[in-house]
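# Coordinates in review
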Amino acid sequence: MSNFEPNLIIASSAVIVLYVGALRLAFRFQEKSHDLPINLALMLVGTCVGWLAGILVTPYEGQETQFSKYAAGLGLFVSGYLVSKVDAAIVHVLKPEVLFTPIIGFRVLLTIGSIALALVLASSIRFYSHTCVQSVNKASEVVEDKIKSECKRVVLILDKSA
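Before going into details, it helps to say that this report is about the structure given with it. (Residues numbered from 1 in each chain as written. Predicted model: local features only at pLDDT ≥ 70, side-chain atom pairs only at ≥ 80, totals over all residues. Heavy atoms only, no water.)

## Considering the packing of helix 1 (residues 5–28) against helix 2 (residues 35–57)
So the rule is basically this: Between the N-to-C directions of two axes lies an angle of 0 to 180 degrees, each axis being a line fitted to C-alpha atoms and, for a helix, fitted only over the stretch in contact. Elements are defined by DSSP. Helices are runs of H or I of four residues or more, strands are runs of E of two residues or more, and each kind is numbered from the N terminus. When an angle is under 35 degrees it counts as roughly parallel; over 145 it counts as roughly antiparallel; between 65 and 115 it counts as roughly perpendicular; any other value is oblique. Should any heavy atoms of two residues lie within 4.5 Å, those residues are counted as being in contact. Here the nonpolar group is Ala, Val, Leu, Ile, Met, Phe, Trp, Tyr, Cys and Pro; Asp, Glu, Lys and Arg are the charged ones; every other residue, Gly included, is treated as polar.
Viewed as axis vectors pointing N to C, helix 1 and helix 2 meet at an angle of 155°, and their least axial separation amounts to 8 Å. Comparing the axis directions of helix 1 and helix 2 gives the class roughly antiparallel. Facing helix 1, whose interface residues are Tyr19, Ala22, Leu23, Ala26 and Phe27, helix 2 presents Leu36, Asn39, Leu40, Met43 and Thr47. For the contact of helix 1 with helix 2, a count of residues per class yields eight nonpolar, two polar and no charged.

## Digging into a nonpolar patch on the surface
This is how it is decided: Here, patches come from residues exposed beyond 30% relative accessible area and free of salt bridges, joined within 9 Å for like charges and within 5 Å for nonpolar side chains (Val, Leu, Ile, Met, Phe, Trp, Tyr). The Shrake-Rupley method, run with a 1.4 Å probe sphere, supplies the accessible areas, and residue values consider only the shown protein chains as cover. For salt bridges, the criterion is a side-chain nitrogen of Lys or Arg within 4 Å of an Asp or Glu carboxyl oxygen.
Judged by side-chain polarity, Leu52, Leu74, Phe77, Val78, Tyr81, Leu82, Val83, Val86, Ile90 and Leu94 come together as a nonpolar surface patch covering roughly 780 Å² of accessible area. Broken down by element, the residue count for the nonpolar patch peaks at eight residues, all from helix 3 (residues 64–93). As for its position among the elements, Val78 is in helix 3.

## Focus on the packing of aromatic side chains
Put simply, the test is: Two rings belonging to Phe, Tyr or Trp (six-membered ring only in the last case) form a pair when the distance between their centres is within 6.5 Å. Interplanar angles under 30 degrees mark stacking, angles over 60 mark edge-to-face geometry, and anything in between is tilted. Burial classification: accessible surface area is computed with a 1.4 Å probe over protein chains only, and a residue below 20% of its type maximum counts as buried, one above 50% as exposed, and the rest as partly exposed.
Applying the stated rule across the entire model yields one aromatic pair. Relative to Phe106, the ring of Phe29 has its centre 4.6 Å away and its plane inclined at 20°; by these criteria the two rings are stacked. Taken together, the residues span a long stretch of sequence, with Phe29 in the loop between helix 1 and helix 2 and Phe106 in helix 5 (residues 102–161) at a distance of 77 residues. Overall, the relative accessible area of 29% leaves Phe29 in the partly exposed class.

## Considerations on the nonpolar core
Grouped burial of nonpolar side chains is what soluble globular proteins tend to show. What counts here: Among buried residues, the Ala, Val, Leu, Ile, Met, Phe, Trp, Tyr and Cys ones that are joined through side-chain atoms within 4.5 Å form a nonpolar core.
Counting residues in each nonpolar core, the largest one holds 10 residues, listed as Val15, Tyr19, Ala22, Ala26, Met43, Phe106, Leu110, Leu117, Ala118 and Leu121. Of all the secondary-structure elements, those providing two or more residues to this core are helix 1 and helix 5. Contact partners of Phe106, with chain neighbours within four places excluded, come to Leu25, Ala26, Phe29 and Asn39.

Quick look at the structure:
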């Protein structure tokens, strides 16, 4: 077991526990019958956005320039097109008389929390699993070099005895 795996296990476990708590709250926090599907949809959208953000902030070696192009394009899309289309909804939701109602406040926190949890999970998985793979690759190179040197030594011994 690599020395990086406990960090991944701890991060993943914490995120899963928090997700289960958020999911329980999403089921319990309903004023009307249509509130549950909306809560779950916002949680799903937040998770998808957070996962994408987690992938973008943890590129593997050689992907930095490619990911910076993706991030720039995504930033343009969000800041330009998407914000212009949902601007009226954002302004309405952020009014204090709307935002501080229990259901809207809960949904905003649920969405932000889902984004944050997915970002932590995706970036942890990408960072720690990539680090583990690098450690395994380095270890296999060391083992391969040792095997080659031992084979050469055996060949030399056999050549001397022949």
